[in-house]
Amino acid sequence: MNIPQNTICAIATAPGGAIGIIRISGPESIRITDRIFTSVNRPNLSLSNRKAYTLTFGHIKNENGDIIDEVLVSLFKSPHSYTGEDCVEISCHGSSYILQQVMQLLIRNGCKAAGPGEFTQRAFLNGKMDLSQAEAVADLISSSSSATHRMAMNQMRGGFSRELSALRDKLLHLTSLMELELDFSDHEELEFADRSELIDITQEIEHVVSRLVQSFSIGNVLKNGIPVAIIGETNAGKSTLLNTLLNEEKAIVSNIHGTTRDVIEDTVNIGGITFRFIDTAGIRDTNDAIECMGISRSYDKMEQANIILWVVDSTNVNEQIEKLSESILPHCANKPIILLLNKSDQVQVPKFSIPTLSTTMDILTISAKEKTGIHELQELLVKKASVPEINSSDIIITNARHYEALSYALEDIHRIQSGLQTGLSGDLISQDLRNCLFHLAEIVGGEITTDEILGNIFKHFCIGK
(Lines give C-alpha, C1' and ligand atoms only; values in the text may rest on other atoms or scores of the structure.)
Protein backbone atom coordinates (compact mmCIF):
# COMPACT_ATOMS: atom_id res chain seq x y z
CA MET A 1 0.00 0.00 0.00
CA ASN A 2 1.36 3.43 -0.96
CA ILE A 3 2.04 5.96 1.79
CA PRO A 4 -0.31 8.97 1.33
CA GLN A 5 1.37 12.25 0.37
CA ASN A 6 -1.45 14.60 1.39
CA THR A 7 -1.77 16.40 4.71
CA ILE A 8 -4.64 15.50 7.03
CA CYS A 9 -6.27 17.20 10.00
CA ALA A 10 -8.86 16.22 12.61
CA ILE A 11 -10.28 17.25 15.96
CA ALA A 12 -8.67 14.78 18.37
CA THR A 13 -10.65 15.54 21.54
CA ALA A 14 -14.22 14.79 22.56
CA PRO A 15 -16.68 17.73 22.52
CA GLY A 16 -17.58 19.54 25.71
CA GLY A 17 -14.16 19.95 27.30
CA ALA A 18 -12.33 23.15 28.21
CA ILE A 19 -9.55 22.37 25.74
CA GLY A 20 -9.84 21.09 22.18
CA ILE A 21 -6.89 19.71 20.19
CA ILE A 22 -6.60 19.61 16.42
CA ARG A 23 -4.02 17.23 14.97
CA ILE A 24 -2.32 17.74 11.62
CA SER A 25 -0.01 15.27 9.89
CA GLY A 26 1.69 15.22 6.51
CA PRO A 27 4.45 16.87 4.49
CA GLU A 28 2.73 20.28 4.48
CA SER A 29 1.48 20.28 8.07
CA ILE A 30 3.94 22.87 9.40
CA ARG A 31 3.74 25.16 6.36
CA ILE A 32 -0.07 25.10 6.34
CA THR A 33 -0.18 25.91 10.06
CA ASP A 34 2.22 28.80 9.43
CA ARG A 35 -0.35 30.36 7.09
CA ILE A 36 -2.98 30.67 9.82
CA PHE A 37 -0.83 31.08 12.96
CA THR A 38 1.11 34.06 14.32
CA SER A 39 3.39 33.83 17.33
CA VAL A 40 2.79 36.46 20.01
CA ASN A 41 6.42 36.76 21.17
CA ARG A 42 8.29 36.34 17.87
CA PRO A 43 5.82 36.98 15.04
CA ASN A 44 8.52 37.02 12.36
CA LEU A 45 9.84 33.54 13.24
CA SER A 46 7.90 30.90 11.31
CA LEU A 47 7.08 27.49 12.73
CA SER A 48 9.25 25.92 10.02
CA ASN A 49 12.29 27.53 11.61
CA ARG A 50 11.47 26.46 15.15
CA LYS A 51 12.83 23.37 16.83
CA ALA A 52 10.81 20.19 17.19
CA TYR A 53 9.13 19.38 20.50
CA THR A 54 8.50 23.04 21.27
CA LEU A 55 5.34 24.89 22.27
CA THR A 56 4.53 28.26 20.73
CA PHE A 57 1.87 30.61 22.03
CA GLY A 58 0.03 32.73 19.49
CA HIS A 59 -3.12 33.49 17.53
CA ILE A 60 -5.05 31.66 14.85
CA LYS A 61 -6.26 34.25 12.34
CA ASN A 62 -8.62 33.97 9.36
CA GLU A 63 -8.06 35.42 5.89
CA ASN A 64 -9.28 38.85 7.06
CA GLY A 65 -6.80 38.94 9.93
CA ASP A 66 -9.49 38.40 12.57
CA ILE A 67 -8.32 36.44 15.61
CA ILE A 68 -10.23 33.18 16.01
CA ASP A 69 -8.49 31.98 19.16
CA GLU A 70 -5.41 32.13 21.36
CA VAL A 71 -3.68 28.77 21.05
CA LEU A 72 -0.62 26.69 21.81
CA VAL A 73 1.06 24.98 18.85
CA SER A 74 3.15 21.81 19.39
CA LEU A 75 5.68 20.78 16.74
CA PHE A 76 6.80 17.23 15.90
CA LYS A 77 9.14 16.72 12.96
CA SER A 78 9.60 13.61 10.82
CA PRO A 79 10.47 10.88 11.59
CA HIS A 80 10.15 11.48 15.34
CA SER A 81 6.37 11.78 15.61
CA TYR A 82 3.37 9.51 16.18
CA THR A 83 2.78 9.08 12.44
CA GLY A 84 6.42 9.33 11.37
CA GLU A 85 5.53 12.49 9.42
CA ASP A 86 5.74 16.19 10.26
CA CYS A 87 2.94 16.75 12.77
CA VAL A 88 1.35 19.74 14.48
CA GLU A 89 -1.09 19.84 17.39
CA ILE A 90 -3.09 23.01 17.96
CA SER A 91 -4.49 23.35 21.48
CA CYS A 92 -7.53 25.63 21.32
CA HIS A 93 -10.29 26.53 23.72
CA GLY A 94 -12.91 23.75 23.66
CA SER A 95 -15.67 25.69 21.88
CA SER A 96 -17.10 23.61 19.04
CA TYR A 97 -17.44 26.84 17.03
CA ILE A 98 -13.74 27.66 17.44
CA LEU A 99 -12.65 24.12 16.56
CA GLN A 100 -14.79 24.08 13.43
CA GLN A 101 -13.48 27.49 12.36
CA VAL A 102 -9.88 26.31 12.71
CA MET A 103 -10.66 23.08 10.84
CA GLN A 104 -12.24 25.04 7.97
CA LEU A 105 -9.19 27.32 7.81
CA LEU A 106 -6.85 24.34 7.61
CA ILE A 107 -8.91 22.70 4.86
CA ARG A 108 -9.05 25.93 2.86
CA ASN A 109 -5.27 26.12 3.10
CA GLY A 110 -4.65 22.63 1.77
CA CYS A 111 -5.46 20.06 4.47
CA LYS A 112 -7.79 17.12 4.01
CA ALA A 113 -10.16 16.00 6.77
CA ALA A 114 -8.84 12.74 8.22
CA GLY A 115 -10.87 9.56 8.19
CA PRO A 116 -11.30 7.14 11.12
CA GLY A 117 -7.95 5.79 12.28
CA GLU A 118 -6.00 7.56 9.54
CA PHE A 119 -3.30 8.88 11.89
CA THR A 120 -2.63 5.41 13.28
CA GLN A 121 -2.80 3.92 9.78
CA ARG A 122 -0.05 6.31 8.71
CA ALA A 123 1.99 5.31 11.76
CA PHE A 124 1.72 1.70 10.57
CA LEU A 125 2.55 2.53 6.95
CA ASN A 126 5.56 4.58 8.04
CA GLY A 127 6.91 1.74 10.19
CA LYS A 128 6.27 3.37 13.57
CA MET A 129 4.35 0.31 14.73
CA ASP A 130 3.23 -3.03 13.35
CA LEU A 131 -0.39 -3.86 12.69
CA SER A 132 -1.02 -5.61 16.02
CA GLN A 133 0.30 -2.55 17.87
CA ALA A 134 -1.87 -0.26 15.73
CA GLU A 135 -4.98 -2.29 16.55
CA ALA A 136 -4.05 -2.11 20.25
CA VAL A 137 -4.40 1.69 20.07
CA ALA A 138 -8.16 1.31 19.49
CA ASP A 139 -8.36 -1.23 22.32
CA LEU A 140 -6.52 1.15 24.65
CA ILE A 141 -8.92 3.99 23.85
CA SER A 142 -11.96 1.78 24.49
CA SER A 143 -10.53 0.03 27.59
CA SER A 144 -13.04 0.11 30.41
CA SER A 145 -11.25 -1.79 33.17
CA SER A 146 -7.78 -2.27 34.58
CA ALA A 147 -7.57 -5.70 32.92
CA THR A 148 -8.42 -4.46 29.42
CA HIS A 149 -6.09 -1.48 29.92
CA ARG A 150 -3.16 -3.75 30.83
CA MET A 151 -3.82 -6.07 27.88
CA ALA A 152 -4.01 -3.20 25.39
CA MET A 153 -0.97 -1.41 26.81
CA ASN A 154 1.15 -4.57 26.68
CA GLN A 155 0.16 -5.20 23.06
CA MET A 156 0.70 -1.57 22.05
CA ARG A 157 4.19 -1.60 23.57
CA GLY A 158 5.10 -4.63 21.49
CA GLY A 159 4.70 -7.54 23.92
CA PHE A 160 2.64 -9.58 21.45
CA SER A 161 4.92 -8.63 18.56
CA ARG A 162 8.01 -9.84 20.44
CA GLU A 163 6.28 -13.15 21.16
CA LEU A 164 5.50 -13.56 17.46
CA SER A 165 9.02 -12.55 16.48
CA ALA A 166 10.47 -15.31 18.66
CA LEU A 167 8.10 -17.83 17.04
CA ARG A 168 9.05 -16.57 13.59
CA ASP A 169 12.77 -17.01 14.30
CA LYS A 170 12.22 -20.63 15.33
CA LEU A 171 10.09 -21.31 12.26
CA LEU A 172 12.69 -19.70 9.98
CA HIS A 173 15.33 -21.96 11.51
CA LEU A 174 13.15 -24.98 10.72
CA THR A 175 12.44 -23.71 7.23
CA SER A 176 16.09 -23.04 6.40
CA LEU A 177 17.07 -26.57 7.38
CA MET A 178 14.26 -28.13 5.35
CA GLU A 179 14.96 -25.92 2.33
CA LEU A 180 18.66 -26.83 2.49
CA GLU A 181 17.75 -30.49 2.28
CA LEU A 182 15.58 -29.80 -0.76
CA ASP A 183 18.49 -28.04 -2.49
CA PHE A 184 20.50 -31.25 -2.14
CA SER A 185 17.59 -33.61 -2.78
CA ASP A 186 19.64 -35.55 -5.34
CA HIS A 187 21.91 -36.66 -2.49
CA GLU A 188 19.52 -38.88 -0.56
CA GLU A 189 22.12 -39.69 2.07
CA LEU A 190 22.28 -36.03 3.21
CA GLU A 191 20.00 -34.95 6.03
CA PHE A 192 20.72 -31.48 7.36
CA ALA A 193 17.70 -31.39 9.66
CA ASP A 194 17.85 -33.70 12.65
CA ARG A 195 14.26 -34.96 12.87
CA SER A 196 14.32 -35.34 16.65
CA GLU A 197 15.52 -31.75 17.00
CA LEU A 198 12.81 -30.55 14.63
CA ILE A 199 10.15 -32.37 16.63
CA ASP A 200 11.38 -30.69 19.83
CA ILE A 201 11.26 -27.26 18.19
CA THR A 202 7.76 -27.78 16.81
CA GLN A 203 6.58 -28.86 20.27
CA GLU A 204 7.91 -25.58 21.70
CA ILE A 205 6.15 -23.61 18.98
CA GLU A 206 2.93 -25.60 19.37
CA HIS A 207 2.93 -24.92 23.12
CA VAL A 208 3.23 -21.14 22.64
CA VAL A 209 0.66 -20.90 19.83
CA SER A 210 -1.80 -23.10 21.75
CA ARG A 211 -1.45 -20.87 24.80
CA LEU A 212 -2.14 -17.77 22.71
CA VAL A 213 -5.17 -19.38 21.03
CA GLN A 214 -6.60 -20.51 24.37
CA SER A 215 -6.13 -17.05 25.88
CA PHE A 216 -8.70 -15.63 23.45
CA SER A 217 -11.61 -17.01 25.49
CA ILE A 218 -10.40 -14.98 28.50
CA GLY A 219 -9.42 -11.93 26.47
CA ASN A 220 -12.68 -11.79 24.57
CA VAL A 221 -14.72 -11.98 27.77
CA LEU A 222 -12.62 -9.30 29.48
CA LYS A 223 -12.81 -7.03 26.45
CA ASN A 224 -16.56 -7.31 25.88
CA GLY A 225 -17.63 -7.88 29.48
CA ILE A 226 -18.50 -11.07 31.36
CA PRO A 227 -22.13 -11.84 30.40
CA VAL A 228 -24.43 -12.15 33.41
CA ALA A 229 -28.07 -13.10 32.75
CA ILE A 230 -30.69 -11.80 35.19
CA ILE A 231 -33.57 -14.27 35.08
CA GLY A 232 -36.70 -15.10 37.01
CA GLU A 233 -40.46 -14.87 37.01
CA THR A 234 -42.30 -11.69 36.10
CA ASN A 235 -42.31 -8.99 38.79
CA ALA A 236 -39.51 -10.65 40.76
CA GLY A 237 -37.49 -7.41 40.64
CA LYS A 238 -35.07 -8.16 37.79
CA SER A 239 -35.28 -4.70 36.21
CA THR A 240 -34.95 -3.00 39.60
CA LEU A 241 -31.82 -5.07 40.21
CA LEU A 242 -30.39 -4.08 36.81
CA ASN A 243 -30.98 -0.39 37.55
CA THR A 244 -29.37 -0.76 40.98
CA LEU A 245 -26.29 -2.52 39.59
CA LEU A 246 -25.89 0.07 36.82
CA ASN A 247 -26.77 2.96 39.15
CA GLU A 248 -29.14 4.40 36.54
CA GLU A 249 -32.75 3.99 35.36
CA LYS A 250 -31.93 1.75 32.41
CA ALA A 251 -35.00 -0.49 32.50
CA ILE A 252 -38.65 0.41 33.03
CA VAL A 253 -39.89 -0.76 36.42
CA SER A 254 -43.59 -1.45 36.91
CA ASN A 255 -45.92 -3.54 39.07
CA ILE A 256 -47.54 -4.81 35.86
CA HIS A 257 -46.47 -8.36 35.03
CA GLY A 258 -44.55 -8.79 31.77
CA THR A 259 -43.26 -5.19 31.55
CA THR A 260 -39.87 -6.33 30.19
CA ARG A 261 -40.52 -8.07 26.89
CA ASP A 262 -37.10 -7.83 25.30
CA VAL A 263 -33.49 -8.14 26.39
CA ILE A 264 -31.84 -5.06 27.93
CA GLU A 265 -28.05 -5.04 28.27
CA ASP A 266 -25.42 -2.72 29.70
CA THR A 267 -21.96 -2.95 31.22
CA VAL A 268 -20.49 -1.83 34.52
CA ASN A 269 -17.04 -2.13 36.07
CA ILE A 270 -16.91 -4.04 39.37
CA GLY A 271 -13.59 -4.66 41.07
CA GLY A 272 -11.63 -3.91 37.89
CA ILE A 273 -13.71 -6.38 35.82
CA THR A 274 -16.31 -5.41 33.22
CA PHE A 275 -19.62 -7.24 33.62
CA ARG A 276 -22.31 -7.18 30.95
CA PHE A 277 -25.65 -7.50 32.72
CA ILE A 278 -28.57 -8.81 30.68
CA ASP A 279 -32.08 -8.14 31.95
CA THR A 280 -34.41 -10.73 30.43
CA ALA A 281 -38.15 -11.05 30.02
CA GLY A 282 -39.92 -12.62 32.99
CA ILE A 283 -40.59 -16.33 32.54
CA ARG A 284 -44.22 -17.41 32.86
CA ASP A 285 -47.00 -19.12 30.92
CA THR A 286 -48.53 -16.60 28.51
CA ASN A 287 -50.47 -16.45 25.26
CA ASP A 288 -49.03 -13.05 24.32
CA ALA A 289 -47.00 -13.62 21.12
CA ILE A 290 -44.59 -10.73 21.78
CA GLU A 291 -43.97 -11.80 25.37
CA CYS A 292 -43.35 -15.38 24.20
CA MET A 293 -40.64 -14.09 21.85
CA GLY A 294 -39.06 -12.25 24.77
CA ILE A 295 -39.12 -15.40 26.93
CA SER A 296 -37.50 -17.37 24.12
CA ARG A 297 -34.70 -14.81 24.02
CA SER A 298 -34.36 -15.16 27.79
CA TYR A 299 -33.52 -18.84 27.35
CA ASP A 300 -30.97 -17.96 24.64
CA LYS A 301 -29.27 -15.44 26.93
CA MET A 302 -29.09 -18.00 29.75
CA GLU A 303 -27.11 -20.33 27.53
CA GLN A 304 -24.79 -17.52 26.38
CA ALA A 305 -24.15 -16.16 29.88
CA ASN A 306 -21.17 -17.05 32.06
CA ILE A 307 -23.05 -16.36 35.31
CA ILE A 308 -26.77 -16.62 36.13
CA LEU A 309 -28.57 -14.33 38.59
CA TRP A 310 -31.86 -16.06 39.43
CA VAL A 311 -34.09 -13.46 41.07
CA VAL A 312 -36.89 -14.82 43.26
CA ASP A 313 -39.60 -12.85 45.04
CA SER A 314 -39.11 -13.55 48.78
CA THR A 315 -42.87 -13.34 49.34
CA ASN A 316 -43.36 -16.42 47.18
CA VAL A 317 -40.08 -18.37 47.29
CA ASN A 318 -41.13 -22.01 47.21
CA GLU A 319 -43.73 -21.65 44.49
CA GLN A 320 -41.36 -19.72 42.16
CA ILE A 321 -38.45 -22.12 42.62
CA GLU A 322 -40.69 -25.16 42.06
CA LYS A 323 -42.42 -23.60 39.05
CA LEU A 324 -39.28 -22.39 37.22
CA SER A 325 -36.69 -25.07 38.07
CA GLU A 326 -37.66 -27.35 35.17
CA SER A 327 -37.63 -24.53 32.61
CA ILE A 328 -34.56 -22.63 33.84
CA LEU A 329 -32.04 -25.19 35.07
CA PRO A 330 -31.58 -27.12 31.78
CA HIS A 331 -30.29 -23.87 30.23
CA CYS A 332 -27.84 -23.25 33.10
CA ALA A 333 -25.92 -26.52 33.16
CA ASN A 334 -22.35 -26.16 34.46
CA LYS A 335 -22.78 -22.42 35.05
CA PRO A 336 -22.54 -20.74 38.46
CA ILE A 337 -26.00 -19.66 39.65
CA ILE A 338 -26.57 -17.01 42.28
CA LEU A 339 -30.07 -17.34 43.73
CA LEU A 340 -31.19 -13.88 44.87
CA LEU A 341 -34.02 -13.79 47.39
CA ASN A 342 -35.29 -10.32 46.53
CA LYS A 343 -37.74 -8.02 48.36
CA SER A 344 -36.36 -9.16 51.71
CA ASP A 345 -37.40 -5.74 53.09
CA GLN A 346 -41.05 -6.81 52.75
CA VAL A 347 -41.09 -10.24 54.39
CA GLN A 348 -39.13 -12.70 56.49
CA VAL A 349 -37.67 -15.22 54.03
CA PRO A 350 -39.25 -18.65 54.70
CA LYS A 351 -37.50 -22.00 54.55
CA PHE A 352 -37.31 -23.49 51.08
CA SER A 353 -35.78 -26.43 49.26
CA ILE A 354 -33.21 -26.27 46.45
CA PRO A 355 -33.51 -28.64 43.47
CA THR A 356 -30.69 -31.05 42.68
CA LEU A 357 -28.24 -29.27 40.40
CA SER A 358 -25.44 -30.16 38.01
CA THR A 359 -23.94 -26.77 38.80
CA THR A 360 -22.97 -24.64 41.78
CA MET A 361 -25.48 -22.35 43.46
CA ASP A 362 -24.96 -19.55 45.96
CA ILE A 363 -27.83 -17.91 47.84
CA LEU A 364 -28.04 -14.25 48.82
CA THR A 365 -30.84 -12.31 50.50
CA ILE A 366 -31.19 -8.84 48.97
CA SER A 367 -33.51 -5.93 48.40
CA ALA A 368 -32.83 -4.45 44.97
CA LYS A 369 -35.16 -1.53 45.76
CA GLU A 370 -33.51 -0.68 49.10
CA LYS A 371 -30.04 -1.64 47.77
CA THR A 372 -29.32 -4.02 50.64
CA GLY A 373 -27.09 -7.01 49.93
CA ILE A 374 -25.84 -5.44 46.69
CA HIS A 375 -22.25 -5.05 47.91
CA GLU A 376 -22.16 -8.74 48.87
CA LEU A 377 -23.56 -9.59 45.43
CA GLN A 378 -20.83 -7.56 43.72
CA GLU A 379 -18.13 -9.33 45.72
CA LEU A 380 -19.61 -12.71 44.82
CA LEU A 381 -19.76 -11.79 41.13
CA VAL A 382 -16.07 -10.93 41.11
CA LYS A 383 -15.33 -14.27 42.79
CA LYS A 384 -17.51 -16.25 40.37
CA ALA A 385 -15.98 -14.52 37.35
CA SER A 386 -12.76 -16.43 38.12
CA VAL A 387 -10.70 -13.97 36.11
CA PRO A 388 -7.00 -14.79 36.42
CA GLU A 389 -4.67 -12.04 37.58
CA ILE A 390 -3.28 -10.38 34.47
CA ASN A 391 0.24 -8.99 34.74
CA SER A 392 1.68 -6.32 32.48
CA SER A 393 3.81 -8.99 30.76
CA ASP A 394 0.97 -11.47 30.05
CA ILE A 395 0.02 -11.93 26.40
CA ILE A 396 -3.76 -12.23 26.07
CA ILE A 397 -5.45 -12.35 22.67
CA THR A 398 -8.53 -10.12 22.37
CA ASN A 399 -8.71 -9.58 18.60
CA ALA A 400 -10.77 -12.01 16.48
CA ARG A 401 -8.47 -11.45 13.48
CA HIS A 402 -5.43 -12.46 15.55
CA TYR A 403 -7.30 -15.47 16.91
CA GLU A 404 -8.20 -16.65 13.41
CA ALA A 405 -4.61 -16.30 12.13
CA LEU A 406 -3.19 -18.10 15.18
CA SER A 407 -5.75 -20.90 14.80
CA TYR A 408 -4.64 -21.44 11.20
CA ALA A 409 -0.99 -21.34 12.31
CA LEU A 410 -1.76 -23.97 14.96
CA GLU A 411 -3.30 -26.24 12.32
CA ASP A 412 -0.14 -25.82 10.23
CA ILE A 413 2.04 -26.74 13.23
CA HIS A 414 -0.03 -29.88 13.87
CA ARG A 415 0.43 -30.91 10.23
CA ILE A 416 4.18 -30.29 10.50
CA GLN A 417 4.38 -32.42 13.66
CA SER A 418 2.40 -35.21 12.00
CA GLY A 419 4.58 -35.02 8.90
CA LEU A 420 7.80 -35.23 10.90
CA GLN A 421 6.56 -38.23 12.88
CA THR A 422 5.36 -40.12 9.77
CA GLY A 423 8.38 -39.31 7.61
CA LEU A 424 6.54 -37.04 5.18
CA SER A 425 8.67 -35.64 2.36
CA GLY A 426 10.54 -32.41 3.09
CA ASP A 427 8.86 -30.38 0.34
CA LEU A 428 5.41 -30.95 1.86
CA ILE A 429 6.64 -30.10 5.35
CA SER A 430 8.27 -26.96 3.95
CA GLN A 431 4.96 -25.88 2.46
CA ASP A 432 3.26 -26.16 5.85
CA LEU A 433 6.13 -24.18 7.39
CA ARG A 434 5.66 -21.40 4.84
CA ASN A 435 1.90 -21.38 5.51
CA CYS A 436 2.52 -21.06 9.23
CA LEU A 437 4.92 -18.15 8.68
CA PHE A 438 2.35 -16.48 6.43
CA HIS A 439 -0.40 -16.67 9.07
CA LEU A 440 1.86 -15.25 11.77
CA ALA A 441 2.96 -12.45 9.44
CA GLU A 442 -0.69 -11.58 8.82
CA ILE A 443 -1.03 -10.52 12.45
CA VAL A 444 1.70 -7.88 12.39
CA GLY A 445 0.99 -6.80 8.82
CA GLY A 446 3.87 -8.37 6.95
CA GLU A 447 1.61 -10.03 4.37
CA ILE A 448 -1.21 -7.47 4.21
CA THR A 449 -0.95 -5.43 1.04
CA THR A 450 -4.43 -4.42 -0.11
CA ASP A 451 -6.11 -1.11 0.66
CA GLU A 452 -9.39 -2.95 1.29
CA ILE A 453 -8.05 -5.06 4.18
CA LEU A 454 -6.28 -2.16 5.87
CA GLY A 455 -9.32 0.06 5.41
CA ASN A 456 -11.51 -2.55 7.09
CA ILE A 457 -9.16 -2.68 10.09
CA PHE A 458 -8.87 1.07 10.64
CA LYS A 459 -12.45 2.08 9.88
CA HIS A 460 -13.51 1.21 13.45
CA PHE A 461 -11.10 3.75 14.96
CA CYS A 462 -12.27 7.13 16.20
CA ILE A 463 -11.59 10.28 14.16
CA GLY A 464 -8.30 11.93 15.12
CA LYS A 465 -6.51 8.71 16.08
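In the block above lies the structure referred to throughout.
*Asks:* Give me the lowdown on the packing of aromatic side chains, citing residues and values where you can.
*Replies:* All told, the structure shown has three aromatic pairs when counted by the stated rule. When the ring centre of Tyr 82 is taken as reference, the NZ or CZ atom of Arg 23 above it lies at 5.1 Å. Here the guanidinium or amino end of Arg 23 rests over the ring plane of Phe 119, the centre of that ring lying 5.1 Å away.

*Asks:* Tell me about the pattern of salt bridges, and name the residues and values.
*Replies:* Counted by the stated rule, this structure contains 15 salt bridges. A salt bridge links Arg 276 to Glu 265, with the shortest nitrogen-to-oxygen separation between them at 3.1 Å. Here the residue Arg 276 occupies a position in strand S10 (residues 273-279), and Glu 265 occupies one in strand S9 (residues 264-270), the gap between them amounting to 11 residues. For Glu 265, a relative accessible area of 31% corresponds to the partly exposed category. Linking Lys 343 and Asp 313 is a salt bridge whose minimum nitrogen-to-oxygen distance equals 3.3 Å. Of the two residues, Lys 343 is situated in the loop between strand S12 (337-342) and strand S13 (361-365) and Asp 313 in strand S11 (residues 307-313); the sequence distance between them amounts to 30 residues. Here the residues in one salt-bridge network are Glu 85, Lys 112, Glu 118 and Arg 122, joined through shared partners.

*Asks:* So, unusual backbone geometry: which residues are in play, and what are the values?
*Replies:* Cis geometry marks the peptide bond from Ser 78 to Pro 79, where omega comes out at 0°. Inspection of the secondary structure assignment puts Pro 79 in the loop between strand S5 (67-76) and strand S6 (87-93). Backbone geometry places Tyr 53, a non-glycine residue, at a positive phi of 60°. Its location among the elements puts Tyr 53 in the loop between strand S3 (37-39) and strand S4 (55-61). Backbone geometry at Lys 371 places phi at a positive 65°, although glycine is not the residue there.

Procedures and definitions
Here, residues in each chain are numbered from 1, in the same order as that chain's written sequence. A pLDDT threshold of at least 70 governs which residues receive local features in this predicted model, and a stricter bar of 80 or more applies before side-chain atom pairs are shown or counted, although totals over entire chains, interfaces and linings include all residues. The basis for every side-chain value is the complete set of non-hydrogen atoms in the structure, without hydrogens or water. Stacked, tilted and edge-to-face are the three classes assigned to paired rings of Phe, Tyr and Trp, where Trp is represented by its six-membered ring and a pair needs centres within 6.5 Å; plane angles under 30 degrees give stacked, over 60 edge-to-face, the rest tilted. Look at NZ for Lys and CZ for Arg. If either is within 6 Å of the ring centre and within 35 degrees of the ring normal, a charge sits over the ring. The term salt bridge refers to a side-chain nitrogen of Lys or Arg lying within 4 Å of a carboxyl oxygen of Asp or Glu. Here a strand is any run of E in DSSP of at least two residues, a helix any run of H or I of at least four, and the numbering for each starts at the N terminus. Any residue under 20% of the maximum accessible area for its type is buried, any over 50% is exposed, and the rest in between are partly exposed; the area is computed with a 1.4 Å probe on protein chains only.

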